[in-house]
Amino acid sequence: MMGMQYHELVIVGGGAAGLFAAAMAVDKGIDVCILEKNPFCGKKIGITGKGRCNITNTKPWEEFSTHIHPSANFFKSAFRAMSNEDTIRYLNSIGLPTVVERGCRVYPESMCAKDVSMTLAAHIRNNGGTIINSCNVIECSTVENSNDNEQSPETPVAGFTISYEQAGRTCIMQGRYLLLATGGLSYPATGSTGDGYAFAQAFGHSVTQRFPSLTALVPEAYTSTFKISSNAIEVKNVEAGLEVNGSEVQREFGDLTFTDGGIEGPIGFKISRKAVENLINGQKMKVHLDLKPAVSLEALIARIERELEQAQGRMNLNQLLRKLLPGQLIEAFCKSNALNANVQIGSRKEISRLASLLKDWQFRIVDYVGYNRAVVTAGGVSTKEISQKTMESKLVPGLYIAGELLNLDADTGGYNLQIAFSTAALAVNHIAARNSE
Ligand SMILES: Cc1cc2nc3c(=O)[nH]c(=O)nc-3n(C[C@H](O)[C@H](O)[C@H](O)COP(=O)(O)OP(=O)(O)OC[C@H]3O[C@@H](n4cnc5c(N)ncnc54)[C@H](O)[C@@H]3O)c2cc1C
């Protein structure tokens, strides 16, 4: 056991929430230290937004909030304390120019995700904050207080003891306040291995059921139906309906991608949260894909009839489908629906069946792709035990939790990083306000 350091605020995890919190902390004159497992902070930030980092989304709260799960209500105060617009202004002010793209998505002007973490880390270091990399936190506890009886929820405990391993040694740090910002379980290679759940549990916190979200859904017999090598098949402007135990629970319009993992892409991801949660809980799941949502079934039948008429009986199903679908999709469409692409179709019944399949291609979902490839973790530290006005634990005064570790997640579009930034900022605001009391 070696060395003992003290900092007013100790942050476990130098990801999006940890870095943002420390940047805010140095601005407010708080003596802060980040303990990060990786040799550098923000490894996950570096791969966000396909390497470009979709920092946030400029949509107003009314719309923004519809993308937050399981309840936007818990997030409201945090968003008020550090809104999407505040975040952009703040990042700009510390040297990260940003641009707004399609779908109100905000990116660094450089289009380089690493610039986000590097700008934050530089701001922390340049303003007196401490970052200790390559240290793996193994335990967090409260410092025993000799006058325990005098404790009330308003008075912080004397502080926290944090044990971590660094270069084969076990070290101890103490802090007056502790912020857990260790992230979730997705993409564990980035350092987010879910350690924070155990830390929170050791303080008495409960953790809700966790499951991968924003991930691929795997239909029955997928790999034998879809022969996807490196190129995924993208279908644009389609509609996907999610059916659970026979009833439709969600319907989304947009683009969808068939990858080597399964059904994903923007609307695949959107339905994945409900789908995975229900699959885990043993429910029966189907995805209904409408490849022609802009036309009615009758109009589609008429269109097919017109095509066949023009071809005067010289068109087989494959040639007909080429006029209706992306070429790479035809083989899978025929295989999945037991259609022979080499024969001619002509009877009213065949045309009607084909149109129905194009409007309602059904996939029985039997699996999902796990944390290795899921963008976020749904579920986490129960928000019932965290004050939504401060992000402070209701069980242990002085303990704060921020980011994906909480039972809070969102759709794609910059919302998840905003959760990390806003919850981190709210925690630091509270610590600063406490200090000035
Ligand atoms: C491929 C991918 C793309 C994404 N793209 C976007 C996007 O464009 N926009 C968006 O809004 N969201 C995106 N997300 C989601 C977003 O990155 C996360 O929601 C966000 O990073 C969560 O922030 P966090 O600080 O809570 O956790 P993280 O960023 O995961 O940080 C947690 C940190 O804690 C450290 N840590 C963990 N355990 C310990 C320990 N025991 N000791 C010390 N350190 C520890 C980890 O090493 C890590 O650095 C993406 C996610 C993925 C996987």
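Starting from 1, residues in each chain are numbered consecutively following that chain's sequence as written. Predicted model: local features are reported for residues with pLDDT of at least 70 only, side-chain atom pairs are reported and counted for 80 or more only, and whole-chain, interface and lining totals are derived from all residues.

Caption draft 1: Highlighting the domain arrangement of the chain. One can read the domain layout of the chain as domain 1 (2-211 + 377-435) and domain 2 (216-369). Residue ranges for the domains trace back to a domain assignment, done automatically or taken from a database. When each unit is reduced to the centre of its C-alpha atoms, the spacing between domain 1 and domain 2 is 41 Å. Here, residues touch in the contact sense if the C-beta positions derived from the backbone fall within 7 Å of one another. Each partner contributes to the interface: domain 1 provides five residues, whereas domain 2 provides seven residues.

Caption draft 2: Focus on the site of the ligand. The immediate surroundings of the ligand are formed by 39 residues, with Gly13, Gly15, Gly183, Gly191 and Gly403 found nearest. Numbering of helices and strands runs from the N terminus; a helix is a DSSP stretch of H or I covering at least four residues, while a strand is a stretch of E covering at least two. Residue contributions to the shell around the ligand peak at four residues, all from helix α13 (residues 415-435). A residue counts as near a molecule or strand when its C-beta atom, positioned from the backbone, falls within 6 Å of it.

Caption draft 3: Looking closely at the packing of helix α1 (residues 16-27) against helix α5 (residues 114-126). Axis definition: a line fitted to C-alpha atoms, over the contacting stretch in the case of helices. Angles run 0 to 180 degrees between N-to-C directions. It is at 9 Å that the axes of α1 and α5 come closest, and there the two elements cross at 35 degrees. For the pair α1 and α5, the crossing hand works out as left-handed. Between α1 and α5, the contacting residues are Leu19, Phe20, Ala22, Ala23 and Val26 on the first element and Ser117, Leu120, Ala121, His123 and Ile124 on the second. Split into classes, the residues belonging to the contact of α1 with α5 amount to eight nonpolar, two polar and no charged. What makes a crossing left-handed is the near helix being turned counterclockwise from the far one by less than a right angle; a clockwise turn instead makes it right-handed. Each residue gets one of three labels, nonpolar for Ala, Val, Leu, Ile, Met, Phe, Trp, Tyr, Cys and Pro, charged for Asp, Glu, Lys and Arg, and polar for the others, Gly among them.

Caption draft 4: Local environment of the nonpolar core. Here, a nonpolar core means buried Ala, Val, Leu, Ile, Met, Phe, Trp, Tyr and Cys residues linked by C-beta atoms lying within 7 Å of one another. To assign burial, the other C-beta atoms lying within 10 Å of each residue's own C-beta are counted, with C-beta atoms placed from the backbone; 20 or more indicates buried, 12 or fewer indicates exposed, and intermediate counts indicate partly exposed. Ranked by internal contacts, the top residues of the largest apolar core, which has 77 residues, are Ile11, Phe20, Ala21, Leu179, Ala402 and Ala424. It is α13 that contributes the most residues to this core, eleven residues altogether. Aside from chain neighbours lying at most four places away, what touches Ala402 is Ala17, Ala21, Leu179, Ala181, Met391, Ala420, Thr423, Ala424 and Ala427. Ranked by size, the runner-up nonpolar core spans 38 residues in total, among them Ala240, Leu291, Leu358 and Ile365.

Caption draft 5: Structural context of the pairing of strand β9 (residues 160-166). Here the rule is simple: two strands pair whenever DSSP picks up at least two bridges between them. In terms of strand pairing, strand β8 (residues 135-142) meets β9 through seven bridges, oriented antiparallel. Paired with Cys135 across the strands is Gln166, a residue of β9. With seven bridges connecting them, β9 and strand β10 (residues 169-180) associate as antiparallel partners. Paired with Phe160 across the two strands is Gly175, which belongs to β10. Remark: two residues form the turn of the hairpin made by β9 and β10, two consecutive strands paired antiparallel; Ala167 in that turn has positive phi of roughly 50 degrees.

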